[in-house]
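Here's the letter readout for the chains.
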Amino acid sequence: MSEKKLGWKSLSIGGYLLEPGSAMKYKTGDWRAFKPVIDQKKCINCLLCWIYCPDSAIIRLEKYVEVNYDYCKGCGICANECPVKCITMVEEER
Ligand code: SF4
Ligand code: SF4
């Protein structure tokens, strides 16, 4: 007896987005175990952290940057890339 193979059209729909931009509503910062703390006096405003942050959680200001903790997941990439090492990863307190 031959077994009938299923195609992709047989799969049930797992989930779909009804509207774009919905990620803004989900504040993913509470996943964080460590948070980046910026010493703004040492910041040279090179914006490498802003370029590298995978969550667009670095906020550009005129002379330095800030972290948007609502969306920062604490990956530490910004601290790793900062050329003057003014970002320290600090354990999150809950
Ligand atoms: S820790 Fe990661 S997510 Fe948070 S600001 Fe730095 S690069 Fe972005
Ligand atoms: S990488 Fe460091 S020096 Fe450059 S903008 Fe970010 S915090 Fe400031």
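Every chain is numbered on its own, with residues counted from 1 as its sequence reads. Written order decides the labels, with chains lettered from A and ligands numbered from 1. Only residues with pLDDT of 70 or above have their local features reported here, since the model is predicted, and side-chain atom pairs are shown and tallied only from 80 upward, although totals for entire chains, interfaces and linings are computed over all residues. Side-chain metrics rest on all non-hydrogen atoms present in the structure, leaving aside hydrogens and water.

Some points on the overall build of the protein
Okay, so step 1: Helix and strand counts for the protein stand at two helices and four strands.
Okay, so step 2: Helix numbering and strand numbering both begin at the N terminus, where a helix is a DSSP run of H or I of at least 4 residues and a strand a DSSP run of E of at least 2. The N-to-C order of helical and strand elements in the protein reads β-α-β-β-α-β.
Okay, so step 3: Projected onto its principal axes, the C-alpha coordinates of the protein cover approximately 75 × 30 × 30 Å.
Okay, so step 4: Throughout, exposure labels follow a simple rule: accessible area from a 1.4 Å probe, protein chains only, divided by the maximum for the residue type, with under 20% read as buried, over 50% as exposed, and the rest as partly exposed. The buried share of the protein, taken over its 94 residues, is 26%.
Okay, so step 5: Whether two residues are in contact is decided by their heavy atoms: any pair within 4.5 Å suffices. Summarising the internal contacts of the protein: among those between residues at least 6 apart in sequence, 65% fall at separations of at least 24.

Looking at the site of ligand 1
Okay, so step 1: Near ligand 1 the following residues occur: Pro36, Cys53, Pro54, Asp55, Ile58, Cys72, Lys73, Gly74, Cys75, Gly76, Ile77 and Cys78.
Okay, so step 2: Residues belonging to the shell around ligand 1 are distributed by class as follows: eight nonpolar, two polar and two charged. A cutoff of 4 Å decides nearness: a residue is near a molecule or strand if any of its heavy atoms lies inside that distance of it. For this scheme, ten residues count as nonpolar: Ala, Val, Leu, Ile, Met, Phe, Trp, Tyr, Cys and Pro. Four count as charged, namely Asp, Glu, Lys and Arg, and the remainder, Gly too, count as polar.

Describing the site of ligand 2
Okay, so step 1: Around ligand 2, the neighbouring residues are Cys43, Ile44, Asn45, Cys46, Leu47, Cys49, Val65, Cys82, Pro83, Val84, Cys86 and Ile87.
Okay, so step 2: Looking at the shell around ligand 2 residue by residue, the classes come out as eleven nonpolar, one polar and no charged.

Notes on the pattern of salt bridges
Okay, so step 1: Think of a salt bridge as a Lys or Arg side-chain nitrogen and an Asp or Glu carboxyl oxygen that are within 4 Å of each other. Across all of its chains, the model carries four salt bridges by this definition.
Okay, so step 2: The partner of Lys25 in a salt bridge is Glu19, and the shortest N-O contact between them spans 3.3 Å.
Okay, so step 3: Under the relative-accessibility criterion, Glu19 is labelled partly exposed at 43%.

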